[in-house]
Amino acid sequence: MSAAAFTITHIELCPLDLPLTDPFVVATGQLQVAQNAFVRLTLHDGTIGYGEIAPFPAMTGEDRESSLKKARILGKHLLGQSTLHYQRLSHELSERAPDAPSARCGLETALLDALTRAIHVPLWALWGGADVRARETDVTIPIASLERTRELARQWYERGFRLFKIKVGHDVDDDIRRLEALHRHCAGVAFVIDSNQGYTREEAATLLQGVKRSGGTIILLEQPLAKDDLEGHAKLRRDFHVPVAVDESAQSLRDLQAVIQHRAADYVNIKITKSGVLDGLIMATVAKAAGLRVMLGGMVETRVAMGCSYSLAMGLGGCPVLDLDMPLLLETDPIDGGYTYEGPLLQPWYGPGLDFDIPSFQASTSDRL
């Protein structure tokens with residue numbers, strides 16, 4: 001194959017509305033319909049790669065309109081470039097649009113998918129293939145009434161899920177009641193408790209004391225405090241000996257370095273849609289070198305972006321907690337092929353790239369670069 005075969009010739013963008021089965025309510029906002037967009041990138045030899053732009057305004061301040069605007073600008077920079085230079089291109093995208101990680105993620109994913117399809121290897125092989133196997137994910141239960149929380153937990157429990165990611169942060173007393181109820185009614189479950197910055201230090205302490213009284217098992221306390229309160233996170237670790245994960249506090253490498261300096265966390269939640277793909281890879285490498293553990297998560301995404309994250313888990317290894325459940329919370333799945341779910345288990349794929357197709361992909365004329 002000639003070097004010219006890897007040249008990017010076309011990029012198309014396809015906006016897509018994705019209704020959720022339940023309102024996705026967190027402490028900082030809510031979604032009923034995710035406004036995402038797919039990316040289709042074509043190489044000189046006709047190879048196609050796909051990516052996904054999945055902005056979540058409460059996290060990065062991006063929305064679909066601003067993300068698509070950035071993607072059109074960045075995509076024009078990629079035209080005529082070779083996917084063989086993916087590391088340099090990723091760095092250039094990051095320099096040109098540091099405030100648009102969702103747009104960069106969609107373009108990077110499509111570029112990497114096309115590259116690995118062209119060389120006939122799965123995307124996870126690009127990262128090394130250190131841990132290629134079925135992996136368990138948690139499942140997210142959004143902030144809801146006690147009755148709805150019980151009903152959602154029952155449904156997921158019957159499907160085999162035993163690790164519940166419980167969204168909290170609106171009312172600490174209600175949160176404790178919800179957690180106590182699930183601990184009583186779902187034998188053998190454990191919790192990732194995620195407040196999305198919703199608590200004060202005092203409220204976080206109250207929650208931990210309440211869960212301790214009920215006997216619930218906390219695997220992780222994720223982003224309990226405001227993202228800038230790194231000392232508060234460090235204090236919770238010291239006072240309660242509970243594993244703390246940061247998410248909003250670690251949106252960039254610079255953020256992560258501050259987390260490490262303050263000893264504010266045990267885990268860092270790497271999300272390619274909040275950092276970009278290769279920047280997320282760098283963050284994971286730095287976190288592990290500093291003694292932090294890595295969990296891989298995502299925004300409200302389909303199996304396109306989530307498949308790229310799963311490829312990192314299988315390729316890098318050493319990612320003990322996966323929070324890759326969001327496609328299960330969508331009303332429809334527009335993807336054919338790729339990784340699959342069997343209950344809480346993500347099943348790997350072995351075809352080239354991300355190994356899927358999007359039959360419904362339709363780009364308007366204005367979104368063809």
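Data block above holds the structure.
To start, this report covers the structure provided alongside it. All values reported here derive from a predicted model rather than from experimental measurement. (Residues numbered from 1 in each chain as written. Predicted model: local features only at pLDDT ≥ 70, side-chain atom pairs only at ≥ 80, totals over all residues. Heavy atoms only, no water.)

## Some details on the overall build of the protein chain
Then comes step 1: The helix and strand tally for the protein chain stands at 13 helices and 16 strands.
Then comes step 2: Taking 2.2 N^0.38 as the reference for a compact globule, 369 residues should give roughly 21 Å; the C-alpha atoms of the protein chain span a radius of gyration of 20 Å, in line with that estimate.
Then comes step 3: Over its C-alpha atoms, taken along the principal directions, the protein chain stretches across nearly 65 × 40 × 35 Å.
Then comes step 4: Looking at the protein chain alone, contacts between residues at least 24 apart form 74% of all its contacts between residues at least 6 apart.
Then comes step 5: About 14,200 Å² of surface is accessible on the protein chain, with carbon and sulfur atoms providing 49% of the total.
Then comes step 6: The centroid of the 37 positive side-chain charges in the protein chain is displaced by 3 Å from the centroid of its 47 negative side-chain charges. (Helix = DSSP H or I, 4+ residues; strand = E, 2+ residues; numbered from the N terminus. Rg over C-alpha atoms; globule rule 2.2 N^0.38 Å. Contact = heavy atoms within 4.5 Å. Areas by Shrake-Rupley, 256 points an atom, 1.4 Å probe, with all protein chains shown as cover. Lys, Arg positive; Asp, Glu negative; His and termini not counted. Charge placed at Lys NZ, Arg CZ, Asp CG, Glu CD.)

## Some remarks on the pairing of strand S6 (residues 163-167)
Then comes step 1: When you tally the buried positions in S6, you get five out of five residues, the bulk of the element.
Then comes step 2: Burial of the side chains of S6 extends over both faces: Leu163, Lys165 and Lys167 are buried on one face and Phe164 and Ile166 on the other.
Then comes step 3: Across three bridges, the pairing between strand S5 (residues 139-141) and S6 is parallel. Counted as the bridge partner of valine 139 is phenylalanine 164 from S6.
Then comes step 4: Between the parallel pair S5 and S6, the chain is carried across by helix H6 (residues 146-158), and the sense of this crossover is right-handed.
Then comes step 5: One ladder, built from five bridges, connects S6 with strand S7 (residues 190-194); its direction is parallel. Residue phenylalanine 164 lies in a different strand from S7, and its bridge partner there is phenylalanine 191.
Then comes step 6: The parallel pair S6 and S7, bridged by helix H7 (residues 172-185), forms a crossover whose chirality is right-handed. (Buried < 20%, exposed > 50% of the residue type's maximum accessible area, 1.4 Å probe, protein only. Pairing = 2+ DSSP bridges. Right-handed = clockwise from strand over helix to strand, strands pointing away.)

## Overview of H7
Then comes step 1: Relative to the 20 Å expected for 14 residues at 1.5 Å per residue, H7 spans 20 Å between its end C-alpha atoms, a close match to the ideal helical length.
Then comes step 2: Taken together, the buried positions of H7 are Val172, Asp175, Ile176, Arg178, Leu179, Ala181 and Leu182.
Then comes step 3: The secondary structure elements touched by the buried residues of H7 are S5, H6, S6, S7 and helix H8 (201-214).
Then comes step 4: N-cap assignment for H7: the residue whose side-chain oxygen lies 3.0 Å from the backbone N of aspartate 173 is aspartate 171. (Expected span 1.5 Å × (residues − 1). Polar contact = N/O pair within 3.5 Å; in protein donor to acceptor, adjacent residues only side chain to side chain.)

## Describing the state of the cysteines
Then comes step 1: Counted by the stated rule, this structure contains zero disulfides.
Then comes step 2: Free of any disulfide, cysteine 105 has its nearest neighbouring cysteine sulfur in cysteine 308, separated by 6.2 Å. (Disulfide = S-S within 2.5 Å.)

## Regarding the packing of helix H12 (residues 277-289) against helix H13 (residues 303-316)
Then comes step 1: Their axes nearest at 12 Å, the elements H12 and H13 cross at an angle of 35 degrees. As for the relative orientation of H12 and H13, their crossing is right-handed in sense. For the pair H12 and H13, contact is made by Val277, Leu281, Ala284 and Lys288 and by Cys308, Leu312 and Leu316, respectively.
Then comes step 2: Looking at the contact of H12 with H13, its residues break down into six nonpolar, no polar and one charged. (Axes fitted to C-alpha atoms, helices over the stretch in contact; angles between N-to-C directions. Left-handed = near helix turned anticlockwise from the far one by under 90°. Nonpolar A, V, L, I, M, F, W, Y, C, P; charged D, E, K, R; others polar.)

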